[in-house]
Amino acid sequence: MKFIQMETLTRNAIRTVALAAACVIAAICPVAMRAQSDPLYTQAWSLPTLYNPACAGSTDWLRIRGAGRLQWIGIENAPKSFTAAADIPFKLLGRRWGGGVNVTQEGIGLFSNTYVSGQLSGRLKKIFGGELTLGIQVGYFGSSFKGSDVYIPDDDDYHDSNDPSIPRQDVGGGTVDFGVGLQYVHPKFHVGVSMLHPAAPKVKLNTKGTTSSSSTSDNHEFETYVNRVLYLTAGSNIPVKNTLIELQPDLIVASDFRTFSGVLSLKGWYNKMFFGGLAYRWDDAVSINIGAEFKNFILGYAYDIPTSRILKASSGSHEIMVGYRMKLDFSGKNRHRHRSIRLM
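Colleague: Residue-level account of the overall build of the chain, with values.
Modeller: Looking only at helices and strands, the chain has two helices and 20 strands in total. A buried classification covers 51% of the 344 residues belonging to the chain. Within the chain, residue pairs in contact and separated by at least 24 positions form 59% of the contacts whose partners lie at least 6 positions apart. If you sum the accessible surface of the chain, you get close to 16,600 Å²; carbon and sulfur atoms cover 63% of it.

Shown next as structure tokens:
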């Protein structure tokens, strides 16, 4: 099956496609459906460990973050994403390490995906005035499809309402997954590269309480899989001389080697308490971002205005981020390790 890109469809077409599993049906068996994972947040800068396990424990703070994204308001069954993330640095065997955990839940049409991962990072070496860190993660990806809600009109010219390759029961399954990443932190900038889901693991979708051989009628087998994704991230802090303003450009680029997406943002912080900025989501939207940080609590909001034809059917996307961080005591040379580069 090949997923249809929703941004190229009108409201009515999107509704029909979403109810039909958001894909074009191929008359073959087993049935393969492509899953989506790792929602790309406009405020991706606030959730670094979601995209690169090497970012776990990259500061001297315990960080706890949460984010929610409601995409394409006004369109039925549009994507909804929620993420919780936490990471912490620690010392073991005389070396500095980082640990983290991420939980993401995403709904896309009749699909619901959940991803839980644990992360471990370790410093490799100092190079060119900065530090190189390697991170790995192991997780569980679960996907479900609400086949009981499938509806295909009898007069649909593109789908057969009796097509046995579309599940008519609620099906679900899961698989183990992993990822790896590198991050380089310099006093003036940081850059990272990671590969998540490198094995593109498959998930067999079965009716709850049954085996795959009896999950659907006519012995059809349903599968979904997670796309391998390569991420590139970069950012910096630029103090404006003789002011309380600090500029923070951030970039995240994602590719599954067939498609490309990315977010370029620029925030301005005032007195390290309030921020506001603009962002551009590649071939998708322009965004406004505002927020504040007070006593280690942070709150951010982003509003995306579509730049594609999806604007005819949607008023835009809303995103909110909340978080808390707590300073940890690292004695000696680690105490002020990142005072020149502000990693969120």
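Colleague: Could you give an account of the confidence of the model for the chain, naming the residues involved and the relevant values?
Modeller: Per-residue confidence for the chain gives a mean pLDDT of 83, with 79% of residues at or over 70. The model gives residues 1-35 a pLDDT under 50, and that stretch makes 80 contacts with residues more than four places away or in other chains.

Colleague: Could you give me a rundown of the pattern of salt bridges, with the residues and numbers involved?
Modeller: Within the structure shown, the criterion is met by 13 salt bridges. Across the pair Lys272 and Glu246 runs a salt bridge, and its minimum N-O distance is 3.9 Å. Of the two residues, Lys272 is situated in the loop between β16 (260-270) and β17 (274-281) and Glu246 in strand β15 (residues 245-255); the sequence distance between them amounts to 26 residues. Taking relative accessible area as the criterion, Glu246 reaches 11% and is therefore assigned buried. For the salt bridge of Asp304 with Arg281, the shortest nitrogen-to-oxygen distance reads 3.8 Å. Of this pair, Asp304 sits in strand β19 (residues 297-306) while Arg281 sits in strand β17, placing them 23 residues apart in sequence.

Colleague: I'd like a rundown of the pairing of strand β13 (residues 229-236), residues and numbers included.
Modeller: If a strand is regular, its side chains alternate between the two faces of the sheet. By the bridge criterion, eight bridges tie strand β10 (residues 189-196) to β13 in an arrangement that is antiparallel. The residue bridging Phe189 from the neighbouring strand is Ser236, located in β13. Judged from the six bridges that link them, β13 and β15 form a sheet pairing that is antiparallel. Note that in β15 the partner of Leu232 across the bridge is Val253.

Colleague: Now, about the side chain of Thr104: what can you tell me, with residues and values included?
Modeller: Turning to its location among the elements, Thr104 is positioned in strand β6 (residues 95-108). Side chain to side chain, Thr104 and Thr83 meet in a polar contact 3.0 Å long. Setting aside residues no more than four positions away along its own chain, Thr104 makes contact with Pro39, Leu50, Phe82, Thr83, Asn113, Thr114 and Tyr115.

Colleague: Requested: an account of the packing of aromatic side chains, with residues and values cited.
Modeller: Applying the stated criterion across every chain yields a total of nine aromatic pairs. On the basis of an interplanar angle of 90 degrees and a centroid distance of 5.6 Å, the ring pair of Trp45 and Phe275 is categorised as edge-to-face. Here Trp45, found in the loop between β3 (31-35) and α2 (48-51), pairs with Phe275, found in strand β17; they are 230 residues apart in sequence, far enough to count as distant. Owing to a relative accessible area of 10%, Trp45 belongs among the buried residues under this scheme. An angle of 55 degrees between the planes, with centres 5.2 Å apart, marks the rings of Tyr51 and Tyr231 as tilted. Linking Tyr51 in helix α2 with Tyr231 in strand β13, this pair joins segments that are 180 residues apart in sequence.

Colleague: Please set out unusual backbone geometry residue by residue, giving values where relevant.
Modeller: Backbone geometry places His197, a non-glycine residue, at a positive phi of 55 degrees. Turning to its location among the elements, His197 is positioned in the loop between β10 and β11 (202-207). According to the relative accessible area criterion, His197 is buried, its value standing at 0%. Positive phi, normally seen in glycine, also occurs at Lys272, with a value near 55 degrees.

Colleague: Go over the pairing of strand β20 (residues 317-327), please, and point to the residues and values.
Modeller: In terms of strand pairing, strand β4 (residues 61-70) meets β20 through ten bridges, oriented antiparallel. Paired with Leu70 across the strands is His318, a residue of β20. By the bridge criterion, eight bridges tie β19 to β20 in an arrangement that is antiparallel. For Phe297, the partnering residue across the bridge sits in β20 and is Tyr324.

Colleague: Give me the lowdown on the environment of Pro167, citing residues and values where you can.
Modeller: The topology assignment puts Pro167 in the loop between β8 (130-146) and β9 (170-186). The exposure class of Pro167 is buried, given its relative accessible area of 2%. Spatially, the C-alpha atoms of Pro167 and Phe145 are 8.2 Å apart, while their sequence positions differ by 22 residues. In this structure Pro167 touches Phe145, Gly147, Val150 and Phe222, once residues within four positions along its chain are discounted.

Colleague: I'd love a proper account of the nonpolar core, names of residues and values included.
Modeller: The nonpolar side chains of soluble globular proteins are, as a tendency, buried together. Ranked by size, the top nonpolar core spans 20 residues in total, and within it Tyr41, Leu47, Tyr51, Tyr231 and Ile252 carry the most contacts. Where this core is concerned, the elements lending two or more residues are α2, β13, β15, β16 and β17. Setting aside chain neighbours within four positions, we find Ile252 in contact with Leu40, Ala44, Tyr51, Tyr231, Leu232, Thr233, Ser261, Gly262 and Val263. Residues Leu110, Phe111, Tyr115 and Phe222 belong to the second largest nonpolar core, which totals 13 residues.

Analysis parameters
Counting restarts for each chain: residues are numbered from 1 in the order of the written sequence. Given that the model is predicted, a residue must reach a pLDDT of at least 70 before its local features are reported, and side-chain atom pairs must reach 80 or more before they are shown or counted; all residues, however, enter totals for whole chains, interfaces and linings. Where side-chain values are given, they derive from all heavy atoms of the structure, hydrogens and water being excluded. Numbering goes from the N terminus for both helices and strands, where a helix is a DSSP run of H or I of at least four residues and a strand is a run of E of at least two. Between buried and exposed lies partly exposed: a residue is buried under 20% and exposed over 50% of the maximum accessible area for its type, with that area taken using a 1.4 Å probe on protein chains only. The contact definition used throughout considers only heavy atoms, calling two residues in contact when any of these lie within 4.5 Å. Methods summary: accessible areas were calculated by the Shrake-Rupley approach with a probe of 1.4 Å, and residue burial reflects only the protein chains presented. A residue's pLDDT is the predictor's confidence in that residue, given on a scale from 0 to 100. The salt bridge definition used is simple: a Lys or Arg side-chain nitrogen within 4 Å of an Asp or Glu carboxyl oxygen. The pairing criterion for strands is at least two bridges between them, as found by DSSP. Within 3.5 Å is the distance limit for a polar contact, defined as a pair of N or O atoms, with the added protein rule that one can donate a hydrogen and the other accept it, and that residues adjacent in sequence qualify only through two side-chain atoms. Any Phe, Tyr or Trp ring, taking Trp's six-membered ring, that has another such ring centre within 6.5 Å forms a pair; planes under 30 degrees apart are called stacked, those over 60 apart edge-to-face, and the others tilted. Take the buried Ala, Val, Leu, Ile, Met, Phe, Trp, Tyr and Cys residues and link them wherever side-chain atoms come within 4.5 Å; each set so joined is a nonpolar core.

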